[in-house]
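The chain contents come next:
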Amino acid sequence: MSTTTRLTVAQALVRFLSVQYTERDGVRHRLIAGTWGIFGHGNVAGIGQALLEAGEEAMPFHQGRNEQAMVHAAVGHARQLNRLSAQAVTTSIGPGATNLVTGAALATINRLPVLLLPGDYFAGRPADPLLQQLEHPTEADVSVNDTLRPVSRYFDRIHRPEALIPSALQAMRVLSDPAETGAVTLALPQDVQAEAYDWPEEFFAERVWRVRRPAPDPVELAEAVRVIRAAARPVIVAGGGVHHSEAEQALKALVEATGIPVTSTQAGKGALRHDHPADLGGIGHTGTAVADDLARTADLVIGVGTRYSDFTTASGTLFQNPDVRFLNLNITAFDAHKLAARTVVCDARAGLEALASALAGHRVDAAYEAEYGTGKERWERVVARAFEASDEHAVPTQTQLLGALDAVVGDEDVVINAAGSLPGDLHKLWRARSPRQYHLEYGYSCMGYEIPAAIGVQQATPDTPVWALVGDGTYLMMPTELVTAVQEGLPINLVLVQNHGYASIGGLSETVGGERFGTAYRYRAADGTFSGAPLPVDLAANAASLGMDVLRAKTVRELREALAAARASDRPTCVYVETDTANPAAPPAEAWWDVPVAQTASREAAVAARTEYDRQTAARRTHLCPPPPNR
């Protein structure tokens, strides 16, 4: 007869989570490495009490300042550990729970695991409504937590104690499955959290969730080999799946054997080291000239672990060869079938290794290699010019800032960014030196991600120098977790760039006829527009007030010195710099991006922008490859 242990639902959940593990290639990780939390009446007496009773060894606790930021930190942790370890986030009912939605969307869009444990209404309805409860006129069982349903890969509300057992197991299955993973939500009614139940001891047995490496189907592999051998101008698009699968060495072996060049999405950058002869850098709207030129003439595009966002495809205008075909290697059939591609549904490393073996002896034409090699050399000169600063005493441009950082970081450093004008500059220019150095969240491009993600990365790999690159717009969205970094003694480096507004959207606004409306951080002028003097904010002083060490840099030389000092510090450090926005040095976009422009307008800028928009949309293609022949 099975023995039981009497615990509350919250206590049982914490004990269960403490003995869950993943294993891949013989390496084991804790599946839930810790729990972030902000407590309120919806979770303080349940999950809060359970975490206190369990203790730090069983379940480490991290104190957050903003619920969205806690999810971002957990996502940064999961990405740094290749999705093999996750963190949980607990909140109260009400605004704490709804603050999870943005972070959950980011996690699910980027295919990254995080466990969300929001408090909920009373299942027994002794008081109805209770504080912060949403009252729905026709669906009494709906709460604000239902906003998490569309952004979660798995959602359940635990109305009875015994319902936790199957739901917790399903949650672990989804979190550990590379084809399914994303945000997982277990909504926990407050009374149920505190309710006791006799739990079978088997529920608390150590469980190992093996992360599969599914091999390619032989028929799909044979067809992939056939189309690769037939292609004269193949190009690989490396996505985030290359990193998640730890397939970088397999990719390197394939391209060195075949000579097929590699381009990368924001998530895939670093799949090859920047100085590898076959690495052509970013592709798409923010890509390099050599990568985009090759993409326009490619007759075979081989996507590896990518979901083909509109930035990658230049909104359907990039791949212009009339004979272009697509071959997608992806662990999810959903992504593999995009662009009407031939598919190889498998783990990235397993698939690349199988392709390399089956393609033995095959290599692209030497003239093709020479062509993209020459293009790579030209682009490297563009990067050097953008990074170069001829006057050490001048105010640095944003690209010179990146050049100064490039000169300071080591191979092991991690550079984090998500939104603003920096992602475009980084995708085009950054020289990624190791698989996890380039950490761009561009599936959701969420302002406020960088600082908490840096904390998550630092927690995952404590000896790694971590840099969060943040503009003033992003900083004002969510600086609060700097307090957490100071509290935990995490020596993250914050590079805070002051350019007085939303630089990225300002530039976009100008190209689509918006004339930078509403994008500058300035006083109102006499005409009512925000075109007066810059606001007298001192973000460096704000960072210092939150406990950061702050280094101010006004010139290129001071910037370089400040970055070196920050890297050498064992304290959370902010390098604050105001960049030269009057003389941008970034190369222009090499491919288009579709942001619809007004069809009717009275302002000249919008009319001109619509003319250009119509010209660009004429190049859009719908890719419908014919199916492979019957064999």
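Cut-offs used in this document
- Residues numbered from 1 in each chain as written.
- Predicted model: local features only at pLDDT ≥ 70, side-chain atom pairs only at ≥ 80, totals over all residues.
- Heavy atoms only, no water.
- Helix = DSSP H or I, 4+ residues; strand = E, 2+ residues; numbered from the N terminus.
- Rg over C-alpha atoms; globule rule 2.2 N^0.38 Å.
- Buried < 20%, exposed > 50% of the residue type's maximum accessible area, 1.4 Å probe, protein only.
- Contact = heavy atoms within 4.5 Å.
- Areas by Shrake-Rupley, 256 points an atom, 1.4 Å probe, with all protein chains shown as cover.
- Lys, Arg positive; Asp, Glu negative; His and termini not counted.
- Charge placed at Lys NZ, Arg CZ, Asp CG, Glu CD.
- Pairing = 2+ DSSP bridges.
- Axes fitted to C-alpha atoms, helices over the stretch in contact; angles between N-to-C directions.
- Salt bridge = Lys/Arg side-chain N within 4 Å of Asp/Glu carboxyl O.
- Parallel < 35°, antiparallel > 145°, perpendicular 65-115°, else oblique.
- Left-handed = near helix turned anticlockwise from the far one by under 90°.
- Core = buried A, V, L, I, M, F, W, Y, C linked by side-chain atoms within 4.5 Å.
- Arc of directions from axis to C-beta.
- Phe/Tyr/Trp six-rings, centres within 6.5 Å; stacked < 30°, edge-to-face > 60°.
- Lys NZ or Arg CZ within 6 Å of the ring centre and 35° of its normal.
- Polar contact = N/O pair within 3.5 Å; in protein donor to acceptor, adjacent residues only side chain to side chain.

**Regarding the overall build of the chain**
Of the regular secondary structure elements, the chain holds 24 helices and 23 strands. Scaling as 2.2 N^0.38, a compact globule of 631 residues should have a C-alpha radius of gyration of about 25 Å, and the chain matches this with 25 Å. Along the longest, intermediate and shortest principal axes, the C-alpha atoms of the chain span 75 × 75 × 55 Å. For the chain, the proportion of its 631 residues judged to be buried stands at 57%. Of all intrachain contacts in the chain linking residues separated by at least 6 positions in sequence, the fraction that spans at least 24 positions is 76%. Per element, the accessible surface of the chain, about 24800 Å² overall, is 54% carbon and sulfur. For the chain, the centre of its 55 positive side-chain charges and the centre of its 72 negative side-chain charges are spaced 4 Å apart.

**Details of the sheet that holds strand β11 (residues 207–210)**
The sheet built from 3 strands is open, its strands ordered β3-β2-β11 with mixed pairing. Either end of the sheet is taken by a strand with one partner, and the two such strands are β3 (27–30) and β11. Neighbour to neighbour, the strand axes of the sheet diverge by 30° on average, direction disregarded. The sheet strands contacting helix α6 (residues 164–176) are β2 (20–24) and β11, and the helix crosses β11 at an angle near 35°.

**Some words on the pattern of salt bridges**
Scanning all chains against the criterion turns up 38 salt bridges. A salt bridge links Asp 293 to Arg 296, with the shortest nitrogen-to-oxygen separation between them at 3.1 Å. In this pair, Asp 293 and Arg 296 are both assigned in helix α11 (residues 289–297), 3 residues apart and thus about one turn of the helix distant. Using a relative accessible area of 41% as the deciding quantity, one classes Asp 293 as partly exposed. Measuring nitrogen to oxygen at the nearest pair gives 3.1 Å for the salt bridge that ties Asp 614 to Arg 610.

**Concerning the packing of helix α16 (residues 398–408) against helix α23 (residues 556–568)**
Closest axis-to-axis distance for the α16/α23 pair is 9 Å, and the angle between their directions is 40°. Put simply, α16 runs oblique to α23. Where α16 crosses over α23, the two elements pack in a sense that is right-handed. Each of Gln 400, Leu 401, Ala 404, Leu 405 and Val 408 in α16 lies in contact with α23, whose residues at this interface are Val 556, Leu 559, Arg 560, Leu 563, Ala 564 and Arg 567.

**Overview of the nonpolar core**
Core analysis: the largest hydrophobic core is formed by 84 residues, its most contacted members being Ile 236, Leu 251, Val 301, Leu 355, Trp 467, Leu 469 and Leu 563. Of all the elements, helix α15 (residues 366–387) adds the most residues to this core, at 7 residues. Not counting residues up to four positions away in its chain, the partners in contact with Leu 251 are Ile 236, Ala 238, Val 242, Val 262, Ala 271, Leu 272 and Leu 352. In this structure, Trp 36, Ala 74, Ile 416 and Val 466 belong to the second largest nonpolar core, which totals 46 residues.

**Some words on helix α10 (residues 248–258)**
Taken residue by residue, α10 has Glu 248, Ala 250, Leu 251, Leu 254, Val 255 and Thr 258 as its buried positions. What you see down the axis of α10 is that its buried residues fit within an arc of 160°, all on one side. The inward-facing, buried residues of α10 abut β12 (234–238), α9 (240–244), β13 (262–264) and α14 (348–358).

**A word on the sheet that holds strand β16 (residues 325–330)**
Strand pairing in a sheet takes place through backbone hydrogen bonds and is either antiparallel or parallel in direction. Reading across from one edge, β14-β13-β12-β15-β16-β17 is the order of the 6 strands in this open sheet, with parallel pairing throughout. In this open sheet, the two edge strands, each paired with only one partner strand, are β14 (279–282) and β17 (342–345). Mean inter-strand twist for the sheet, computed between neighbouring axes without regard to direction, equals 20°. Of the strand pairs in this sheet, β12 and β13 are connected by 3 bridges, and their pairing is parallel. Counterpart to Val 237 in the pairing with β13 is Thr 263. On the sheet, α10 packs against β12 and β13 and is oriented at approximately 170° with respect to β12. In the packing of α14 onto the sheet, the strands contacted are β15 (300–304) and β16, and the crossing angle to β16 comes to about 125°.

**Structural notes on the packing of aromatic side chains**
Per the counting criterion, the structure on display carries 12 aromatic pairs. Here Tyr 197 and Trp 199 contribute two aromatic rings whose centre-to-centre distance is 4.8 Å and whose plane-to-plane angle is 70°, an arrangement assigned as edge-to-face. Tyr 197 gets classed as partly exposed once you look at its relative accessible area, which sits at 26%. Where Tyr 308 meets Phe 326, the ring centres are 6.3 Å apart and the plane angle is 90°; that geometry is what we call edge-to-face. Taken as a pair, Tyr 308 in the loop between β15 and α12 (310–313) and Phe 326 in strand β16 lie far apart in primary sequence, 18 residues in all. A relative accessible area of 9% places Tyr 308 in the buried class. Overall, Phe 326 belongs to the buried group, its relative accessible area being 1%. One aromatic cluster in this structure is built from Phe 16, Tyr 197, Trp 199, Phe 203 and Phe 204. If you follow Arg 28 out to its NZ or CZ, it ends over the ring of Tyr 21, 5.5 Å from the centre. A cation over an aromatic ring shows up here: Arg 552 above the ring of Tyr 576, its NZ or CZ 5.7 Å from the ring centre.

**Observations regarding the environment of Glu 23**
Structurally, the position occupied by Glu 23 is in strand β2. Overall, Glu 23 belongs to the buried group, its relative accessible area being 18%. It is 33 Å that separates the C-alpha atoms of Glu 23 and Ala 419, two residues lying 396 residues apart in sequence. Leaving out residues up to four positions away in the same chain, Glu 23 has contacts with Arg 28, Val 208, Trp 209, Arg 210 and Val 211. A polar side-chain atom of Glu 23 sits 3.4 Å from a polar atom in the side chain of Arg 210.

**Focus: the side chain of Asn 328**
Note that Asn 328 resides in strand β16. Engagement of the side chain of Asn 328 in a polar contact is seen with the backbone oxygen of Lys 338, the distance being 3.0 Å. The contact partners of Asn 328, leaving out residues within four places of it in the chain, are Gly 303, Tyr 308, Asp 335, Ala 336, Lys 338, Ala 341, Arg 342, Thr 343 and Val 344.

**Describing unusual backbone geometry**
Phi is mostly negative for residues that are not glycine, and the peptide bonds are mostly trans. Looking along the chain, the bond that leaves Asp 128 and enters Pro 129 is cis, with omega of 5°. Examined against the element boundaries, Pro 129 turns out to sit in the loop between β7 (114–120) and β8 (154–157). The backbone of Arg 83 shows a phi angle near 70°, a positive value even though the residue is not glycine. Considering the arrangement of structural elements, one finds Arg 83 in the loop between α3 (67–80) and β6 (86–91). When its relative accessible area of 13% is taken as the criterion, Arg 83 is described as buried.

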